[in-house]
Amino acid sequence: MSLKLTHEIIKEEIQKILPRVTKPARYTGGEWNEIKKDPASVDVRFALAFPDVYEVGMSNLGLRILYHILNKRSDTACERTFAPASDMEDEMRRESLPLFTLETHSSVNSFDIVGFSLAYEMTYTNVLNMLDLAEIPVIASDRGNDDPLVVAGGHCAYNPEPMADFIDAFVIGEGEEVVGQLVDTVKKNRGDRKALLLALAKVPGVYVPSLYNPVYNEDGTIRAVEPVASDVPASVKKLVVADFENVDFPDRLIVPFIETVHERVALEVMRGCTRGCRFCQAGVITRPVREKSREKLIQQADEQLKWTGYEEISLVSLSSADYTGIGGLVHSLIDRYEDQRVGVSLPSLRADTECVQLAADIERVRKSGLTFAPEAGTQRLRDVINKNVSEEDLLSAVSAALDNGWRKVKLYFMIGLPTETDDDVLGIGKTVQSVLDLARSKKKQLNVNVGVSSFVPKAHTPFQWRPQDSLEDLDRKVKILHESIRWRNVSLSWGDPKASRIEAVLGRGDRRVGKALYEVWKMGARFDGWNDRFDYGRWNQAFETTGVDPDFYANRRREENEVFPWDHIDTGVDKRWLLVQDRLAEKGITVADCKTGECLNCGINRNLPGKVNGSFCPEV
Amino acid sequence: MVRFVLKFNKGEEVRWLGHLDLLRAFERILRRAEVPVTYSQGFNPRAKMSFASALGVGVTGDEEILMLQMDEDLQPDHLKDRLNEQMPAGIHINEVTRVPDGGPKSVQVSGSEMLVSVRREAGFTEGELKDAVERFMARDEINVFRDKGKRPKMVNLRPSVESIIVDGSSHLLMRLTHGEGFTPKPSEIVEVLAEYLPGLEVEKVHRVKMY
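Scope of this entry: the structure provided in the associated data block. Computed from a prediction, not measured in an experiment: that's the story for all the values here. (Residues numbered from 1 in each chain as written. Chains lettered and ligands numbered in written order. Predicted model: local features only at pLDDT ≥ 70, side-chain atom pairs only at ≥ 80, totals over all residues. Heavy atoms only, no water.)

This part takes up the interface of chain B and chain A. At the junction of the two partners, chain B supplies 19 residues and chain A supplies 25 residues. When the two sides are added together, the surface that chain B and chain A hide from each other amounts to roughly 2000 Å², 55% of it contributed by carbon and sulfur. Contact with chain A buries area across many residues of chain B, yet B:W16, B:R28 and B:R31 alone supply 37% of it, more than any other trio. Summed over the shared surface of chain B and chain A, the number is five salt bridges. The partner of B:R31 in a salt bridge is A:E311, with the nearest N and O atoms 4.0 Å apart. Our count for the chain B to chain A interface comes out at seven residue pairs in polar contact (both at pLDDT 80 or more). The leading source of residues in the side of chain B that touches chain A is helix α1 (residues 19-33) of chain B, at six residues. (Contact = heavy atoms within 4.5 Å. Buried area = accessible area lost by both parts, 1.4 Å probe. Salt bridge = Lys/Arg side-chain N within 4 Å of Asp/Glu carboxyl O. Polar contact = N/O pair within 3.5 Å; in protein donor to acceptor, adjacent residues only side chain to side chain. Helix = DSSP H or I, 4+ residues; strand = E, 2+ residues; numbered from the N terminus.)

The following block contains the structure:
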């Protein structure tokens, strides 16, 4: 057993380091509403680990929900830990200080469970690094009975394979439903890792990768991912909250001292999205769509405001503007809290006049800027991706924005979408031109920010069969774009296609990709999601050393009947349906939003066990 | 409209907060306490409060001063209790006084008394420290660079250092005058002292009081 430092010693050592690091308050905890329990008073200690810095992690709603739910149990203490920034990491390694939690400054390896939130692929190297800093064996098979159980959940867990070598168990689906069972199972199977893993594999919504063996075909594709024993389920179905209206939601949110990405009361108005954009993974894995009632949301807003003192309420979800009765909700919130000077914000807007009017009601005085996401530059390509927005929609939305006093809009696009031609890329510039022409015809000044990212095909989406554009193609398209958008009041920014390429490899990778991940971490990769830290050359070197071919994962057109590394993870949406959507995409045929139109038969209402309350799906 | 002067401490637990962090914490404390604080007009209404002097990251204080403006009157003790109920560990209000009608609109202080603990890898004696302080005080001009905006500016900090008393073997009690946009930092003073006692560095800074 490794020497575990006591929390008193760690606390003292941290104080010595803090004068030398930036933003020391990232590492001290003690915020309002932090929950600190005596470790001796609980049976299970759960360290929630977010693989990014404090300011990012503390803005994550999932983390806050789980913190609340776990700490509600009297037998469990849940504490937080985040990825230390590089200056802090250097100091910690120099002083041999292990990764610690903010609440009690305990070393993370003294916990029973360490749970990582996998929100995006580019944080994977941080997960490995945090395990190493915690003095927990990075490779799961090296862990012994005294080591914590390392679990991971979040959207990326839906293709767990690239992380399979490092994680003991993945939570598939909505954490609220699974964590309780996870804690109970750990309690019942102490000191016997093997028995614990086997018991966990039988818990609905839990995937234990070490109990599954991938078998490969000669061409390197997967023949099957087989369970090692007959009592291990062949596939793992996601769990969803059965009663979203009444699911436990935190009211006493931790109020960070230092400025975080989001500083506000978060109202989760709905889960899921039925718009059916074909590139969108979240829209598939979070089905079925469920909404909370206005009464419930107002009650939750009241409570959160009272306990936190925040001055802003944000309506969060994948597409809050699609919430039934959004206008009524927004207005009742504005009216209710106006005297308290509490503002309301709506992070995602649809490109239509109704939405702009709503935004205008919210931002009565200050007009910061409106964001629309047409995603593609031509109607043809928007039809391919099933983004049901027309140029007229966009123009009427911009027109309404101008009428309401906005002088700045942001437009988001993707390049490298399936079937894209250079004309589609040039269409982005043409769309921007129409927006500018509109402003000119109305004699209004308008600044346009154009944000462009490279398309990354994702697992469990209609485009999971599609190749990503080669780096050369993406670079060329960025160049075309750059040359076609040259107006004084338009600024163009784009994400690094190289980073998107790595994201594509990790997002649709199999278990073999883990070797490259381990290698690149060894070579020093951290914070790959940060432009200034991402090093493409290092990744390529790691691919070469480990014999992982990035083209195989990123740029290969996958066969219709190919077995995918994530096929044994069941989202409840039929793979067959995804394929049909991909075929419709090829022909440029759109489908309607199933919340308003007819059921598209994606399978979610047939495949999930039990009844999901508040779901918009028809009964089967 | 009523003004109150609050005296509070910034303790070890919140030592690493910067001034803006503390300001934001107070804004939320005021909201949670639901006290009738006055808000500014305009696009971005802010609670009307002003600190006598900002405390830097890593610095603690026993008697920090904040002035609050309220729309309605409140019993000072009642205000104190309501705010203290909402205080994170490490911040506590020790005294609340009502500013009489026609009283000052902001807190006027002219200087700070800082207790600075110092250390040196190679060690030092009290005599050596006293000697360094004497040599420091004997000078008329001690220029330091300050990053103000784009251009670093040279400032003479010596006139703002009223006195430095060597208190025990590793503590310095400094009386520092708050000047026009310039107050010397204890770390700057210790850096100069290190010219006479190489390797001397600040371990901790604590503001005892303002005067």
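Another point: the packing of aromatic side chains. All names here are of chain A. Scanning the model with the defined rule gives 15 aromatic pairs over all chains in all. If you follow R512 out to its NZ or CZ, it ends over the ring of Y216, 3.8 Å from the centre. Between K575 and the ring centre of F564, over which it is positioned, the NZ or CZ distance is 4.3 Å. (Phe/Tyr/Trp six-rings, centres within 6.5 Å; stacked < 30°, edge-to-face > 60°. Lys NZ or Arg CZ within 6 Å of the ring centre and 35° of its normal.)

Now for the packing of helix α16 (residues 497-507) of chain A against helix α18 (residues 536-546) of chain A. Residues and elements named next belong to chain A. Where α16 meets α18, the axes come as close as 10 Å, and the angle between the chain directions of the two elements is 35°. The handedness of the crossing between α16 and α18 comes out as left-handed. For the pair α16 and α18, contact is made by K498, R501, I502, V505 and L506 and by Y536, W539 and F543, respectively. Looking at the contact of α16 with α18, its residues break down into six nonpolar, no polar and two charged. (Axes fitted to C-alpha atoms, helices over the stretch in contact; angles between N-to-C directions. Left-handed = near helix turned anticlockwise from the far one by under 90°. Nonpolar A, V, L, I, M, F, W, Y, C, P; charged D, E, K, R; others polar.)

Summed over the entire model, instances satisfying the criterion amount to 74 salt bridges over all chains. A:E259 is the partner of B:R24 in a salt bridge, and the nearest nitrogen-oxygen pair spans 3.8 Å. Of this pair, B:R24 sits in helix α1 while A:E259 is found in the loop between β9 (236-237) and β10 (265-268), placing the two residues in two different chains. For the salt bridge of A:E560 with A:R583, the shortest nitrogen-to-oxygen distance reads 2.6 Å. Residue A:E560 is found in the loop between α19 (550-554) and β19 (569-570), and its partner A:R583 is found in helix α20 (residues 575-587); the two are separated by 23 residues along the sequence. In this structure A:E560 comes out as partly exposed when scored by relative accessible area, which is 45%. Judged by its relative accessible area of 35%, A:R583 is partly exposed. (Buried < 20%, exposed > 50% of the residue type's maximum accessible area, 1.4 Å probe, protein only.)

With that settled, the discussion passes to the sheet that holds strand β5 (residues 169-171) of chain A. Within a sheet, adjacent strands bond to each other through the backbone by hydrogen bonds, running parallel or antiparallel. All names here are of chain A. Within the open sheet, the six strands sit side by side as β2-β1-β3-β4-β5-β6. Their pairing is mixed. Each edge of the open sheet carries a strand with a single partner, namely β2 (76-82) and β6 (206-207). Against the sheet, helix α5 (residues 124-133) engages β1 (44-50), β2, β3 (113-117) and β4 (149-153), with an angle of about 160° to β3. Along the sheet, helix α6 (residues 175-188) makes contact with β1, β2, β3, β4, β5 and β6, crossing β1 at roughly 135°. (Pairing = 2+ DSSP bridges.)

Before going further, it helps to examine helix α4 (residues 86-94) of chain A. Residues and elements named next belong to chain A. All of the buried residues along α4 are M88, E89, E91 and M92. One side of α4 holds all its buried residues, which, seen down the axis, span an arc of 165°. For α4, the elements touching its buried residues are α1 (7-17) and α5. Remark: S96 follows α4 within two positions and exhibits a positive phi of approximately 50°. (Arc of directions from axis to C-beta.)

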